[in-house]
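Chain by chain, the residues run as shown.
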Amino acid sequence: MSRGLVLGIETSCDETAASVVSHGTDVLSSVVSSQVDLHARYGGVVPEVASRAHVELLTPVIAQALVEAGVEPSELDAIAATYGPGLIGSLLVGVSSAKALSLVWGVPYVAVNHLEAHLYAAFLEEPGLELPLVVLLVSGGHTQLVVMEGHGVYRVLGQTVDDAAGEAYDKVARYLGLGYPGGPILDRLAMDGTASIDFPRPMIHSGYDFSFSGLKTSVINHVRKHPDVAVEDVAASFQEAVVEVLVTKARRAAADVGAKGICIGGGVAANSRLREAVLDACVADGLQGFVPSRSLCTDNAAMVASVGWYRLQSDGASPLDSGANPNLRLPVVD
Ligand code: KG4
Ligand code: ZN
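All values reported here derive from a predicted model rather than from experimental measurement.

Asker: Any details on the overall build of the protein chain? Residues and values, ideally.
Answerer: Tallying secondary structure elements over the protein chain gives 11 helices and 10 strands in all. Overall, the protein chain is about 60 × 45 × 30 Å in size when its C-alpha atoms are taken along their principal axes. Taking all 334 residues of the protein chain together, the buried fraction comes to 54%. The long-range share in the protein chain, meaning contacts at least 24 apart out of those at least 6 apart in sequence, stands at 72%. Entry remark: accessible area of the protein chain is about 13,500 Å², with carbon and sulfur atoms responsible for 53%. Looking at the protein chain, you have 21 positive and 37 negative side-chain charges, and the mean spots of the two groups are 6 Å apart.

As structure tokens, this is what we get:
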């Protein structure tokens, strides 16, 4: 009987990752080689540096994922790779490698949407999550409020009109001279601060869209005016504003669409305060709340392998002449 083994490959941004997952839920290995140190000195990801690093790192990362899983290439049922959205040069490294290995090993290739992969991180650990489900997808590149009505059936209720939540974290941290990526650094500092500064909660009462650019400017203006302010308090106050907006809208969405629960995905879903606030809100509203492990929130290939397995069942293999799409969106129903 097939072990339902999928090798996932993720190279959309600055993590080079490979993973073997069985039947979409059983993670046999998940290797993530972060390029953070390479990009930190520039204060952000440099696309050309990222693609070159993927070329060097991907083969050993794939080899390690197979060895750790104890799986031979001949046992694989599919090779899945992220084909978008992301940095085009980086995406092409993963897609080209997956297609080459597919030909050499005689294994089907499955193209995976990175946003769908972030949504599925929750199902990797909790396959029984009840639908419809509101998913808050918050990463460095995206902030979307999605209703998952069925597997592969999504509706995007709202999204950011300017900066993504993670981007706001990264920009505030850069302004404060704290380093890159800003999210984990501000998260840590906020633990030692108090949310005593009343930053704005942009668009909190209107619709499902988000805006974080003005909030970022308020933080910068406050620090300019009060240069002696404790950075821990700035971090805690900024974080409280971001989290309050995200959670308020997710709760309202869940009530409006009659969702059974709320879950979160994407790098910002690793945020301590957001995780706590989502779970508290779900308890208060009688909803099922789920926050995936931190390692499944930030970019990884286990979520790619998982979606690869489900897409293989529903749509079959992807053609080998399909490419990468840096502007890919979530497939939605009308
Ligand atoms: O999902 P991800 O790894 O890559 C993208 O697809 O963008 O997300 C990266 C983003 C970065 O902006 C980073 O600062 C943010 O996620 N992030 C966090 C935390 N950990 C990562 N933001 C807030 N708190 C965290 N603990
Ligand atoms: Zn991501």
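We are not done yet, so read on.
Asker: Now, about the site of ligand 1: what can you tell me, with residues and values included?
Answerer: Residues in contact with ligand 1 amount to 20 residues; listed here are only the nearest, Gly140, Asp170, Asp187, Gly267 and Asn271. Between ligand 1 and the protein, one listed contact pairs an oxygen atom with a backbone N or O atom of Gly140 at 2.9 Å. Here a nitrogen atom of ligand 1 sits 3.0 Å away from a polar atom, N or O, in the side chain of Asn271. Out of a free accessible area of 560 Å², ligand 1 has 88% covered by protein chains.

Asker: Provide a residue-level description of unusual backbone geometry, including the pertinent values.
Answerer: A cis geometry characterises the amide bond from Gly84 onward to Pro85, with omega recorded as -10 degrees. Secondary-structure assignment places Pro85 in the loop between strand E4 (78–84) and helix H3 (88–105). Backbone torsion omega between Tyr180 and Pro181 reads -10 degrees, so that peptide bond is classified as cis. With respect to the helices and strands, Pro181 occurs in the loop between helix H5 (165–175) and helix H6 (182–190). Of note in this structure, His23 is not a glycine but carries a positive phi near 50 degrees. You can see His23 is positioned in the loop between strand E2 (15–22) and strand E3 (26–34). According to the relative accessible area criterion, His23 is partly exposed, its value standing at 35%.

Asker: Outline the pairing of E3, supporting the account with residue identities and numerical values.
Answerer: Looking at chain direction, E2 and E3 are connected through 8 bridges and run antiparallel. Looking at E3, one finds that Ala18 is bridged to Val31. In this antiparallel pair of consecutive strands, E2 and E3, the connection spans 3 residues, and His23 shows a positive phi of 50 degrees.

Asker: Describe the coordination of the zinc ion (ligand 2), and please don't skip the residues or the numbers.
Answerer: In the first shell of the zinc ion (ligand 2), the protein supplies His114 (NE2), His118 (NE2) and Asp299 (OD), at 2.0 to 2.1 Å from the metal. Here the donor residues of the zinc ion (ligand 2) are spaced in sequence according to H-x3-H-x180-D. Taken together, the positions of His118 in helix H4 (residues 114–125) and Asp299 in the loop between helix H10 (294–297) and helix H11 (302–315) put the pair 181 residues apart, joining distant regions of the chain. Assessed through its relative accessible area of 2%, His118 is described here as buried.

Asker: Tell me about the side chain of Ser102, and name the residues and values.
Answerer: Position of Ser102 among the secondary structure elements: in helix H3. For Ser102, a relative accessible area of 7% gives the class buried. With residues near it in sequence (within four places) discarded, Ser102 still touches Ile79, Val107, Pro108, Tyr109 and Leu320.

Asker: Explain the environment of Val223 residue by residue, including any values.
Answerer: With respect to the secondary-structure elements, Val223 resides in helix H7 (residues 213–225). Separated by 12 residues in sequence, Val223 and Ala235 have C-alpha atoms that sit 11 Å apart. Aside from chain neighbours lying at most four places away, what touches Val223 is Tyr175, Leu176, Val229 and Val234.

Asker: Just give me the short version of the sheet that holds strand E5 (residues 109–113), but keep the residues and values in it.
Answerer: To summarise the sheet geometry, strands pair through backbone hydrogen bonds and adopt either a parallel or an antiparallel arrangement. Taken together, 5 strands build an open sheet; the order of strands is E3-E2-E1-E4-E5 and the sheet is mixed. Since the sheet does not close on itself, it has two edges, and those belong to E3 and E5, each with one partner. Across this sheet, the average inter-strand angle for adjacent strands is 20 degrees, counted without regard to direction. Each of strand E1 (5–10), E4 and E5 touches H3; the most contacted strand, E4, lies at about 160 degrees to it.

Asker: Can you break down H5 residue by residue, with the values?
Answerer: Within an α-helix, residues lying three or four positions from one another point in the same direction, as the helix has 3.6 residues per turn. Among all positions in H5, only Ala165, Gly166, Ala168, Tyr169, Asp170, Val172 and Ala173 are buried. On its buried face, H5 sits against strand E6 (133–138), strand E7 (143–150), H6, H7 and helix H8 (231–257). Within two residues after H5, Gly177 carries a phi angle of roughly 70 degrees, on the positive side.

Asker: Quick rundown of the environment of Cys282? Include the residues and the values.
Answerer: By secondary structure assignment, the location of Cys282 is in helix H9 (residues 272–285). In sequence terms Cys282 and Lys260 are 22 residues apart; their C-alpha atoms lie 9.8 Å from each other. Residues within four places of Cys282 in sequence aside, it is in contact with Ile262, Leu287, Gln288 and Gly289.

Conventions and cut-offs
- Residues numbered from 1 in each chain as written.
- Chains lettered and ligands numbered in written order.
- Predicted model: local features only at pLDDT ≥ 70, side-chain atom pairs only at ≥ 80, totals over all residues.
- Heavy atoms only, no water.
- Helix = DSSP H or I, 4+ residues; strand = E, 2+ residues; numbered from the N terminus.
- Buried < 20%, exposed > 50% of the residue type's maximum accessible area, 1.4 Å probe, protein only.
- Contact = heavy atoms within 4.5 Å.
- Areas by Shrake-Rupley, 256 points an atom, 1.4 Å probe, with all protein chains shown as cover.
- Lys, Arg positive; Asp, Glu negative; His and termini not counted.
- Charge placed at Lys NZ, Arg CZ, Asp CG, Glu CD.
- Near = heavy atom within 4 Å.
- Polar contact = N/O pair within 3.5 Å; in protein donor to acceptor, adjacent residues only side chain to side chain.
- Pairing = 2+ DSSP bridges.
- Donors = N, O, S within 2.8 Å, 3.2 Å for Na, K, Ca; no water.
- Axes fitted to C-alpha atoms, helices over the stretch in contact; angles between N-to-C directions.

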